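# Reading the structure
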Amino acid sequence: MNTRQSGAGFIVIDGVDGAGKGVQSRLLFDAMQAQGLEVILSREPGGSPGAEEIRRLIVAGDVEKWDSLTELLLIYAARRSHLVDTIWPALSAGKWVISDRFADSSRAFQGVAGDVGLEQVELVHHLVVGSFKPDLTLILDLDPAISLRRAQQRGGHEDRFEKKGLSYQEKVRGAFRMLALKSPQTHALIDASETVEQVQARIFDEIKKRLGIELNR
Ligand code: TMP
């Protein structure tokens, strides 16, 4: 289980595919390191050797390969490995952890857009994650008509969720917005339609306001 050292914390950057999470997670990681903080950058699905193996099953291939409940179970198996092998040991060692995606992705993709239902997600979540929560979740919000184009331009074979189409991604966006607005103490909704620098500035403001860490850009 997680035995978090004081001073350490867990930050999640989440949102629709193509919203710029990868770039912003890296900028945040670099700035925290430059500040002399001990920090690791991770991602989901993945973030540990076992979870990266499961990721390969989930993100590539035919859309119909798994139904949403099967996706959920695979993703939570990966999340368990990520927690046990990466996140909890890092927090116990007093390190900050930044993760590109975490459980809100399961709520938005499988729970809402995939029709598994939020109650069902919470059942699995409770079993796998217990009461452990991120200290701050930054939700990057962008119209899927734009984000999907960006994600598709990036290319590659990890496009199974992008192939689910615009209406699926619109439901994902709506769910992320709902999750952010429901928990304003732990979540910040960030407009990702602006430039990389503007989005970075918003994120750094939230980090200062909520976690008391001043970062240089
Ligand atoms: P990524 O492209 O941000 O690395 O994420 C890969 C895909 O995994 C993305 O399209 C969304 C999907 N995903 C879920 O459906 N549920 C989850 O819980 C997570 C973490 C990711």
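Whatever comes next refers back to the structure up there.
So, here's what we can say about the structure. (Residues numbered from 1 in each chain as written. Predicted model: local features only at pLDDT ≥ 70, side-chain atom pairs only at ≥ 80, totals over all residues. Heavy atoms only, no water.)

## As for the overall build of the chain
Stated precisely, the cut-off is as follows: Helix and strand assignments come from DSSP, with helices taken as H or I runs of at least 4 residues and strands as E runs of at least 2, each series counted from the N terminus. In this treatment the radius of gyration is a C-alpha quantity, and the globule benchmark scales as 2.2 Å times the residue count to the 0.38 power. Using a 1.4 Å probe on the protein chains alone, a residue whose accessible area is under 20% of its type maximum counts as buried, one over 50% counts as exposed, and one in between counts as partly exposed.
For the chain, the count of helices and strands is 8 helices and 5 strands. The helix and strand sequence of the chain, counted from the amino end, reads β-α-β-α-α-β-α-α-β-α-α-β-α. For the chain, the C-alpha radius of gyration of 16 Å lies close to 17 Å, the compact-globule estimate for 217 residues. Oriented by its inertia axes, the alpha-carbon framework of the chain measures out at about 45 × 40 × 30 Å. For the chain, the residues scored as buried account for 52% of the 217 residues in total.

## Some remarks on the site of the ligand
How we decide: Residues are counted as near a molecule or strand when any one of their heavy atoms sits within 4 Å of it. Identification of polar contacts relies on pairs of N or O atoms within 3.5 Å, with a donor-acceptor requirement for protein atoms, meaning one able to donate a hydrogen and the other able to accept it, and with residues adjacent in sequence counted only if both atoms are side-chain atoms.
Looking at the ligand, there are 14 residues lining it, with Asp17, Arg55, Arg101, Ser106 and Gln110 nearest. Arg79 places a side-chain nitrogen or oxygen 3.2 Å from an oxygen atom of the ligand. Within the side chain of Ser106, a nitrogen or oxygen atom sits 2.6 Å from an oxygen atom of the ligand. Among the elements of the structure, helix 2 (49-59), helix 3 (68-92) and helix 4 (103-113) are those that each provide at least two residues to the shell around the ligand. Considering each element in turn, the shell around the ligand owes the most residues, 4 residues, to helix 4.

## A word on the sheet that holds strand 1 (residues 10-15)
Spelled out, the test is: Note on pairing: two strands pair once DSSP finds at least 2 bridges between them. As a rule, the C-alpha atoms of each element are fitted with a line to give its axis, helices using only the stretch in contact, and angles between N-to-C directions run from 0 to 180 degrees. Between two residues, a contact is recorded if the distance between any of their heavy atoms is within 4.5 Å.
Strand order in the open sheet formed by 5 strands is 2-3-1-4-5, and the pairing between neighbours is parallel. The two strands at the open ends of the sheet, each matched to only one other strand, are strand 2 (39-43) and strand 5 (187-191). Across this sheet, the average inter-strand angle for adjacent strands is 20 degrees, counted without regard to direction. Strands strand 1, strand 4 (136-141) and strand 5 of the sheet are contacted by helix 4, whose axis makes an angle of about 25 degrees with strand 1.

## Side note on the side chain of Asp104
On the secondary structure map, Asp104 appears in helix 4. Beyond its immediate chain neighbours, meaning those up to four positions away, Asp104 contacts Asp14, Thr137, Ile139, Phe176, Leu179 and His187.

## Some remarks on the side chain of Glu162
Position of Glu162 relative to the elements: it lies in the loop between helix 6 (144-154) and helix 7 (166-182). Its relative accessible area of 8% is what places Glu162 among the buried residues. Those residues in contact with Glu162, other than ones at most four positions away along the chain, are Asp17, Leu148, Ala151, Gln152, Arg154 and Gln169.

## Here we look at unusual backbone geometry
Cis peptide bonds are those with omega within 30 degrees of zero, and the linkage from Glu44 to Pro45 qualifies with -10 degrees. Even without being glycine, Arg101 reaches a positive phi, approximately 85 degrees. For Asp115, which is not glycine, the phi dihedral falls at a positive 70 degrees. Relative to the assigned elements, Asp115 resides in the loop between helix 4 and helix 5 (118-129).

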